[in-house]
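# Architecture at a glance
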Amino acid sequence: MSDLLEIADLTVSFDSDAGEIQAVDHISLTIRAGEVVGLVGESGSGKSVTAFAILRLIRRPGRVKSGTIRFNGVDLGTLSEEEMRQIRGAKIALISQSPRTALNPVITVGRQIARLFELHGGLSARDAHRRMLEMLSLVRIPDPAKRAGQYAHQLSGGMCQRVMIAMALATSPQLLIADEPTTGLDVSIAARILDLLRELGAKTGAAILLITHDLGVVAETADRVVVMHAGQVVESAPVRTLFHQPAHPYTRALVRSIPRVDRTVTMEPIPGAVPSLLDPPPGCRYAERCGWVSERCRIARPPLTRVVADHEVACYGFEERRDAAG
Amino acid sequence: MPLVEVRELQMHFPLGGLPALLARLRGLPAPVVRAVQSVSFDVAPGETLALVGESGCGKSTVARCLLRLLDPTAGSIRYDGTEIATLDSDAMQPLRRNIQMVFQDPTASLNPRLTARRMVEEALLLHTALDAADRRARVDGVLEEVGLGRELADRHPHELSGGQRQRVNIARAIATNPRFVVLDEPTSALDVSLRSRIILLLESLRARHGLSYLFISHDLATVKYLAGRVAVMYLGVIVELAETGELFARPLHPYTRALIAAVPVPDPDSQRERFVLEGEIPSPMELPSGCPLRGRCPIEQPVCAEPRRSGKSRLGRYVACHRV
């Protein structure tokens, strides 16, 4: 698979009265064509800011301080606003957390989808209407003709999210960013939305960047997982490796901290809290919460290094333990 | 003897506006939403009973009836032997120190203008006759117990994190030494790492003080961790009630099976049952006749159109399904 999206050394900061908040700190990650990448972390880990940076939607007081984002080899930072608009929505689509507020409340959902076909596909109103009905059936909305004439407030949360997915896929994007697509939905609805995303991703060949704090969602949906903590990428691995051989102490702690339905566990909360991103310490931002911490971790930030092919971790403690084990 | 006994509790909300007007013009009975159709359960002293179900199943309405924040349409709620479903608010007041609630939204349920200390103290002012010095000692003790040190006691809600705010809510609920606490989704607004700490705090408080909890949640993993027994609600009725281990190991009702199967598990190799219901939950204004799961159930048979069974009880387990 070739690299569809390549983020290199991205830093995003927000200026506040108290100083500079380093929300995303020198992160690098790649997404290959057709791949589902899970981006996991607690609130404030920089997941959503990363998504906004990809879409070039960081607005003041936020600013991209360093780094490049290449999409199909093109540096998005060099594009004009007009060129970016052609990519946003058409080539890179976003599904947000609150589908009802993301939909226009005063335009019928059918019209909102049809308009995309007119704007991006240049279709006539009649053809756009036909394609819109096809999209609604594709996302399994029962009775599409009736639903197309309704407004967001007349649909359930799950139905609104299906409409969002239909809108996102209407332009055949190459990358779909799904930001907590099932948060706030009931479990049975959420399960079907995830099934639908995975299935339509496979069918259309679109890569998916799935942003979530729910490790279960990641395990069941992603091919590869990138773990973020306090604005830094701490680990990146294929999904099975991440759950079976997590390398970073934060990943391990995260897995141990959640209750599970499938087995009986002793839940161990992660010690401490996500550090303040206002003048964060120079070293590893997990150091104060970490059982493996050494002096080195507080002085310099550990670089992302390869464990095995496709598995990278940013941790001095892991390296030392691995070297000691030979 | 159970601490709380709920029998055939019903809560109907009258519909207003156009539907009500049309019904009146046509001489039909006033339309109602049957949020809680008929619900019965017990909570034993020191027990955590979970009430689970999806949005609109009526679980929060049950909670609000138990606190008498709503006046139930019918049915009985006994607290420690006393019937409270029909008490007026004056008669209810002295019982309130024993029956407390922690709400879902840790921010909206706190007064933004009061400090943590003052909010906890308010519960003592309302429900106890402690003098100022004793109140102060009690507030300090309770805040300490929920993990809020002295330096946080004089802060206002906006100066506290989400997890700390929920600790204030818990402190306020346990300040009067209640015996029964209703927890309405106490962790769902919290981040993963905070969630596990609040769960452990609730569990240790229960163990230390012999509290009984009614734990309302849609988060089955948390329920599995905290609850001794679980009642599963769907469209205003309990469809299954069982001991927690039993329920998760062998869910009997198709709705319970579907609910458990839908929870994503953090294991990419998990081989779990795929058991999916058709469609979405119908509106409580248009309840199906017969079994409430009719039209969605994968094991439905003609018998399911017959009036819903009140459910079978066997070995402390209750299942309301024609097919089980």
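Here, every reference points to the structure presented above.
Residues numbered from 1 in each chain as written. Chains lettered and ligands numbered in written order. Predicted model: local features only at pLDDT ≥ 70, side-chain atom pairs only at ≥ 80, totals over all residues. Heavy atoms only, no water.

## Description of the overall build of chain B
Which entries qualify depends on this criterion: Strands here are runs of E lasting at least two residues and helices are runs of H or I lasting at least four, both read from the DSSP assignment and numbered beginning at the N terminus. Our radius of gyration looks at C-alpha atoms and nothing else; its globule reference is 2.2 Å times the residue count to the power 0.38. Residue exposure (1.4 Å probe, protein chains only): buried if accessible area is under 20% of the type maximum, exposed if over 50%, otherwise partly exposed.
For chain B, the count of helices and strands is eleven helices and twelve strands. Its C-alpha radius of gyration of 21 Å places chain B within 12% of the 20 Å reference for a compact globule of 324 residues. If you line up chain B on its principal axes, its C-alpha atoms span 65 × 60 × 40 Å. Of all 324 residues assigned to chain B, the portion counted as buried reaches 52%.

## Some details on a nonpolar patch on the surface
Residues and elements named next belong to chain B. The following threshold applies: Nonpolar side chains (Val, Leu, Ile, Met, Phe, Trp, Tyr) within 5 Å and like charges within 9 Å form the patches, drawn only from residues with over 30% relative accessible area and no salt bridge. Only the protein chains shown count as cover for residues, with accessible areas throughout obtained via the Shrake-Rupley method and a probe of 1.4 Å. A side-chain nitrogen of Lys or Arg and a carboxyl oxygen of Asp or Glu constitute a salt bridge if their distance falls within 4 Å.
A cluster of nonpolar residues, L18, L21, L22 and L25, forms a patch on the protein surface that exposes about 400 Å² of accessible area. Inspection of the secondary structure puts L18 in helix α1 (residues 17–25). On the accessibility criterion, L18 (57% relative accessible area) is exposed.

## Brief notes about helix α4 (residues 116–127) of chain B
Stated precisely, the cut-off is as follows: Expected helix span is taken as 1.5 Å per residue step, with the number of steps being one fewer than the number of residues. Should any heavy atoms of two residues lie within 4.5 Å, those residues are considered in contact.
When the terminal C-alpha atoms of α4(B) are compared, their 18 Å separation across twelve residues agrees well with the 16 Å that a helix rising 1.5 Å per residue should span. Buried residues along α4(B) sit against β6 (99–102), α5 (132–145), α6 (150–153) and α7 (162–174) of chain B.

## Here we look at the interface of chain A and chain B
A common way to state how big an interface is: give the accessible area lost once the parts meet. Convention followed: Computed with a 1.4 Å rolling probe, the buried area is the accessible surface lost when two parts are put together, summed over both parts. Distance and chemistry together define a polar contact, namely a pair of N or O atoms within 3.5 Å, with one atom able to donate a hydrogen and the other to accept it when in protein, and with adjacent residues in sequence counting only for side-chain atoms on both sides.
Taken together, the contact pairs 41 residues of chain A with 35 residues of chain B. Both faces combined, the contact of chain A with chain B buries some 3300 Å², and carbon together with sulfur accounts for 56% of it. Interface area lost by chain A to chain B is led by A:V187, A:V261 and A:M267, which between them contribute 21%. Counting the contacts that link chain A with chain B gives two salt bridges. B:D267 serves as the salt-bridge partner of A:R263, at 3.4 Å between the closest nitrogen and oxygen. The tally of links from chain A across to chain B stands at 14 residue pairs in polar contact (both at pLDDT 80 or more).

## Things to note about the environment of A:R60
Residues and elements named next belong to chain A. Tracing the sequence through the fold places R60 in the loop between α1 (47–54) and β4 (62–71). Residue classification places R60 among the exposed residues on the basis of a relative accessible area of 81%. Sequence separation of R60 and D15 is 45 residues, and the distance between their C-alpha atoms is 8.1 Å.

## Concerning the pairing of strand β1 (residues 4–14) of chain B
Residues and elements named next belong to chain B. Counted only if it meets this: The criterion for strand pairing is that DSSP finds at least two bridges linking the strands in question.
With five bridges joining them, β1 and strand β4 (residues 74–79) adopt antiparallel strand pairing. Looking across to β4, one finds that E5 is bridged to R78. Summarising the sheet, β1 and strand β2 (residues 32–43) pair through eight bridges and their orientation is antiparallel. Counted as the bridge partner of M11 is V36 from β2.

## A look at the nonpolar core
The nonpolar side chains of soluble globular proteins are, as a tendency, buried together. Stated formally: The definition of a nonpolar core used throughout is a set of buried Ala, Val, Leu, Ile, Met, Phe, Trp, Tyr and Cys residues joined through side-chain atoms within 4.5 Å.
Among the nonpolar cores identified, the biggest contains 70 residues, and A:I95, A:V163, A:I165, A:L176, A:V225 and A:F243 are the most heavily contacted of them. Looking at this core element by element, the count peaks at eight residues for helix α7 (residues 157–169) of chain A. Residues in contact with A:V225, not counting those within four places in the same chain, are A:G38, A:V40, A:V218, A:E235, A:S236, A:A237, A:V239 and A:L242. Counting 66 residues, the second-largest nonpolar core is a separate cluster that includes B:L148, B:L211, B:L235 and B:Y255.

## Things to note about the environment of B:E5
Residues and elements named next belong to chain B. Along the chain, E5 falls in strand β1. Separated by 239 residues in sequence, E5 and T244 have C-alpha atoms that sit 19 Å apart. Not counting residues up to four positions away in its chain, the partners in contact with E5 are F41, D42, S76, I77 and R78.

## Some words on the packing of helix α4 (residues 109–121) of chain A against helix α5 (residues 125–138) of chain A
Residues and elements named next belong to chain A. Applicable threshold: Here, axes are lines fitted to C-alpha atoms. For helices the fit covers the stretch in contact, and angles between N-to-C directions go from 0 to 180 degrees. Each angle is binned into one of four classes, with values under 35 degrees roughly parallel, values over 145 roughly antiparallel, values of 65 to 115 roughly perpendicular, and all other values oblique. For a crossing to be left-handed, the near helix must be turned anticlockwise from the far one by less than a right angle; the clockwise case is right-handed. Amino acid classes used here: Ala, Val, Leu, Ile, Met, Phe, Trp, Tyr, Cys and Pro are nonpolar; Asp, Glu, Lys and Arg are charged; the rest, including Gly, are polar.
Relative to each other, α4 and α5 sit at 120 degrees, their axes nearing to 8 Å. Taken together, the axis directions place α4 and α5 in an arrangement best described as oblique. Here the hand of the crossing between α4 and α5 comes out right-handed. Residue-level inspection shows G110, I113, A114, F117 and E118 of α4 in contact with α5, the latter providing A125, A128, H129, R131, M132, M135 and L136. Among the residues making up the contact of α4 with α5, the classes are represented as eight nonpolar, two polar and two charged.

## What to know about unusual backbone geometry
Following A:R60, the chain continues into A:P61 via a peptide bond in cis, with omega recorded as 10 degrees. Of note, A:P61 is situated in the loop between α1 and β4. Positive phi outside glycine occurs at A:A230, with the angle close to 50 degrees. Secondary-structure assignment places A:A230 in the loop between β9 (224–229) and β10 (232–238). You can call A:A230 buried: its relative accessible area is 1%. For B:D80, which is not glycine, the phi torsion reads 50 degrees and is therefore positive. Relative to the elements of secondary structure, B:D80 occurs in the loop between β4 and β5 (82–83).

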